[in-house]
Amino acid sequence: MKGGMLIARAKEWLKPTGDPDVRLSASILRRQRLLQRVEPLIPLFRTALVVAGAIYLVALPSQLLGRGHYVSENALQPSQVNTYWNWADVHIADLYATDVEKWSEPGWTSESRAEAIRDAFLTLGLPAATQNYEFMLSSSNETLTGTNVYSIMQAPKTDGAESLVLSASWLSRALDEDGNRRINTRGIATVLAVANYLKKYSMWSKDIMFLISDGYADGTHAWLDSYHGFGQSNLNAQPLPLSTGPIWAALNIDYPHHSFSHAGLFYEGANGHLPNLDFINSVSHILKHTGITPILHADTSLAFLTPSPLARTFPASFDGPTTQLYWRAAQNLAHQLAIGASGRVEGPEGVYGRYRIDALTFFGVPADGPHGFHAMGRAIESTFRSLNNLLERLHQSFFLYVMTSVDTFISVGNYLAAPVLVSAGLTFTGFLLWAADGSPKVPAGAATKGLRQSGVEVRRARPVGKAAAAIGVSHLVGGVMFALLARVDPTVEIPSFIPTSIAFLLAFTPLLLSLALSTAPLTLPPLAPLSSTLKALNLLLSGMIIAVTATLNFGLAVALALLLPLPLLLSSASTSEIRTRIQQVGLFVTSPVGIWLAWWVLGGADGGADAWLRETHAPKLA
């Protein structure tokens, strides 16, 4: 009985009966009371969202959010076949390595060594061809030229509707003592020897293409563009005389030294186009079965658990296996986020993603042992035997993921919340500021000339046009800087005047805009301040960009989520000229480009973010 009365009263409160005007007034009154109670909590809520996003990002390397590797595609069956690569094939690879060393001697041009490699494929009975290409690098007519070589082994029992690629670039990611790229001697020899080996068997259901690309990533780029019939304005490449079906997967071999200790797995994708996780998991499983220790990229210190920074300050009990696992995962995570945030291709494997091709690089980490051609050949054979089983493209596993080790990863559903929470906090703040601009609260009896007053609230317009113009000019200046940087030769070091010019533009553009758009302040102007409207639009725009970017490029979204909240949330309008100028300098220093500039200047030519990325992407050989 009592329960029925409570329900009836609740219904009456939610939907009162009687005069419609009375009900409407009661409904408006309830909403106003609810807003009055919620409004004071909104600033706390927005702060809680930003802080929660930061805490979630710090928690990502934890084992609680990660998952162990598994293979979703049953057809792959990694390491379930017998491999027949033997020491006779190793001897053939050694002979090819001798030939590559001869081709790398002074006096051999790109065209002459390409002809020699093509003849090597023709000697094996495989059709082969070369491709010349030329990249226009800058306005001063500087070019990057090269010659690719490729061969096709047609599947004996199929129509060539699908294909796989085994490739090696002429230059390795490994650097010599002078900082120049080493010749990928044994990587190229491996491709030639594997081609000689695979043609002996008739089990293949897919065509296999063998590609020896010139340069580092530029040759692969030119070859893929020509193969798929696409191009770009600064690329002149010969059409390919030989072709086959769509490429499903590609394996790139980078093996510059005489032996290696670990197999570095390099994977990337421009704009977040990562290879299917099943491919990486299968290769990792195959390498372990072969006896090779796989690692992410080339940092051998992450192959095993190492002491974390806590070991330097706290007792050893604080640096247990859990802490060391977290530290290793954090380093792998930071490196992958930096690659995504950089927005550029670091190796040949990164070029395939734009054509929906799953690509991976085997990098033989230089060492005095224990592995060589024998282990590398067995791993390649087993990998291609697994890919040969596929009936369709890899699709069952994740394309959006972050690997914390060769055995664990974080799926998109677990990592996406970190930047999205920050994005929600910025968006809430923008809406709150936008509402406050249009309906500011003023003291009773204050001057309200030109305003429609309702109690202690007034209605005023917002200078959206000026705010949009300021945002447009800022984007225009950024576009000009991007266009100037795009005309710089990417193969040489950035000239010293470019960071100075960027600092000049970023420092004086806001000052000029503030002087051009400034207006005389009034006690209660009929128009909202430009600064608050501009801040509201920037908050809304930043929140939207972070949320959209999070699903496409997680690394870039995290970088924006870390860099944007501080200057956007802490900035505020001030009547003090000195405080305003100090705030402008602070906004410049804490802006994304300002932080990059400071890092570049403090680190020097050999420091900064680029040097950190090179440590694992381009290790030096003694």
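Since the model is a prediction, treat every value here as computed from it, not as a measurement.

## Quick notes on the overall build of the protein chain
- Each helix and strand counted, the protein chain has 20 helices and 16 strands in total.
- When the 622 residues of the protein chain are sorted by exposure, 45% land in the buried category.
- Here the analysis covers contacts within the protein chain between residues at least 6 apart in sequence; of these, 80% occur between residues at least 24 apart.

## Some thoughts on the environment of Leu394
- Its location among the elements puts Leu394 in the loop between helix H10 (373-388) and strand S13 (401-403).
- Taking C-alpha positions, Leu394 is 8.0 Å from Trp248, a pair spaced 146 residues apart along the chain.
- In contact with Leu394, not counting residues within four places along its chain, are Glu73, Leu76, Asn276, Asp278, Phe279, Arg356, Asp358 and Phe399.

## Examining the pairing of strand S14 (residues 408-411)
- Both strand S1 (residues 67-68) and S14 contribute to a ladder of two bridges, which runs antiparallel. Paired with Arg67 across the two strands is Phe409, which belongs to S14.
- Two elements, S13 and S14, share three bridges in a ladder whose sense is antiparallel. Bridge assignment links Tyr401 to a residue of S14, and that residue is Ser411.

## Observations concerning the sheet that holds S13
- Strand order in this open sheet of three strands is S1-S14-S13, and the pairing throughout is antiparallel. Taken across any chain shown, the strands that pair with only one partner, and hence form the sheet edges, are S1 and S13.

## Points about the packing of helix H15 (residues 530-552) against helix H16 (residues 554-563)
- It is the contact of H15 with H16, at a shortest axis distance of 6 Å, that shows an interaxial angle of 150°. One element, H15, and the other, H16, form an angle in the roughly antiparallel class. Touching Ile545, Ile546, Thr549, Ala550 and Leu552 of H15 are Phe554, Leu556, Ala557, Leu560 and Ala561, all from H16.
- Partitioned by chemical class, the residues of the contact of H15 with H16 number nine nonpolar, one polar and no charged.

## Considering the environment of Asp254
- Inspection of the secondary structure puts Asp254 in strand S9 (residues 247-254).
- A relative accessible area of 1% means that Asp254 is categorised as buried.
- In this structure, the C-alpha to C-alpha distance between Asp254 and Ile183, residues 71 residues apart in sequence, is 9.6 Å.

## Points about the packing of aromatic side chains
- Following the criterion strictly, the structure yields 16 aromatic pairs and no others.
- Centre to centre, the rings of Trp85 and Tyr197 are 5.5 Å apart; their planes meet at 75°, and the pair counts as edge-to-face. Within this pair, whereas Trp85 is found in the loop between S1 and helix H4 (87-103), its partner Tyr197 is found in helix H6 (residues 185-198), the two being separated by 112 residues in sequence. Like Trp85, the residue Tyr197 is buried in the burial classification.
- Their ring planes at 35° and their centres at 6.2 Å tell us that Tyr267 and Tyr401 sit as a pair that is tilted. Linking Tyr267 in the loop between strand S10 (260-266) and helix H8 (277-290) with Tyr401 in strand S13, this pair joins segments that are 134 residues apart in sequence. Each member of the pair, Tyr267 as well as Tyr401, carries the same accessibility label: buried.
- Across from the ring centre of Tyr216, 3.8 Å away, lies the NZ or CZ of Arg181, which sits over that ring.

## Considerations on helix H9 (residues 321-342)
- For H9, with 22 residues, the first-to-last C-alpha span of 32 Å sits near the 32 Å given by 1.5 Å per residue.
- Turning to H9, its buried residues number three or more, namely Gln324, Arg328, Ala329, Ala330, Asn332, Leu333, His335, Gln336, Leu337, Ala338, Ile339 and Gly340.
- After H9 finishes, the residue Gly343 shows a positive phi value of roughly 70°.

## With respect to the sheet that holds S10
- Sheet architecture is open: nine strands sit in the order S8-S2-S3-S7-S4-S9-S12-S10-S11, paired in mixed fashion. Both edges of this open sheet fall to strand S8 (235-237) and strand S11 (293-296), since each of them pairs with a single strand only. If you compare each strand with its neighbour and ignore which way they point, the axes differ by 25° on average.
- Its contacts with the sheet place H6 against strand S3 (143-153), strand S4 (163-169), strand S7 (207-213) and S9, and it is angled at close to 150° to S4.

## Quick look at the pattern of salt bridges
- The full count for this structure, using the stated rule, is ten salt bridges.
- Ionic pairing is found between Asp225 and Arg354, a salt bridge with its closest N-O pair at 3.5 Å. Of this pair, Asp225 sits in helix H7 (residues 218-227) while Arg354 sits in the loop between H9 and strand S12 (358-366); the two residues are 129 residues apart in sequence, bridging distant segments of the chain.
- Notably, a salt bridge pairs Lys288 with Asp407, separated by 2.1 Å at the nearest N-O pair. Of the two residues, Lys288 sits in helix H8 while Asp407 sits in the loop between S13 and S14, which places them 119 residues apart along the sequence.
- The network of salt bridges with shared partners includes Arg173, Asp254 and Glu349.

## What about the nonpolar core?
- Grouped together as the largest cluster of nonpolar side chains are 66 residues, with contacts concentrated most on Phe121, Leu166, Phe210, Ile253, Phe362 and Ile380.
- If one sorts the elements of this core by residue count, H6 sits on top with nine residues.
- If near-sequence neighbours (up to four positions away) are discounted, Ile380 is found in contact with Leu166, Thr190, Val194, Leu251, Ile253 and Phe362.
- Core analysis: the next-biggest nonpolar cluster, separate from the first, contains 17 residues, Ala250, Val351, Ile357 and Ala359 among them.

Analysis parameters
- Residues numbered from 1 in each chain as written.
- Predicted model: local features only at pLDDT ≥ 70, side-chain atom pairs only at ≥ 80, totals over all residues.
- Heavy atoms only, no water.
- Helix = DSSP H or I, 4+ residues; strand = E, 2+ residues; numbered from the N terminus.
- Buried < 20%, exposed > 50% of the residue type's maximum accessible area, 1.4 Å probe, protein only.
- Contact = heavy atoms within 4.5 Å.
- Pairing = 2+ DSSP bridges.
- Axes fitted to C-alpha atoms, helices over the stretch in contact; angles between N-to-C directions.
- Parallel < 35°, antiparallel > 145°, perpendicular 65-115°, else oblique.
- Nonpolar A, V, L, I, M, F, W, Y, C, P; charged D, E, K, R; others polar.
- Phe/Tyr/Trp six-rings, centres within 6.5 Å; stacked < 30°, edge-to-face > 60°.
- Lys NZ or Arg CZ within 6 Å of the ring centre and 35° of its normal.
- Expected span 1.5 Å × (residues − 1).
- Salt bridge = Lys/Arg side-chain N within 4 Å of Asp/Glu carboxyl O.
- Core = buried A, V, L, I, M, F, W, Y, C linked by side-chain atoms within 4.5 Å.

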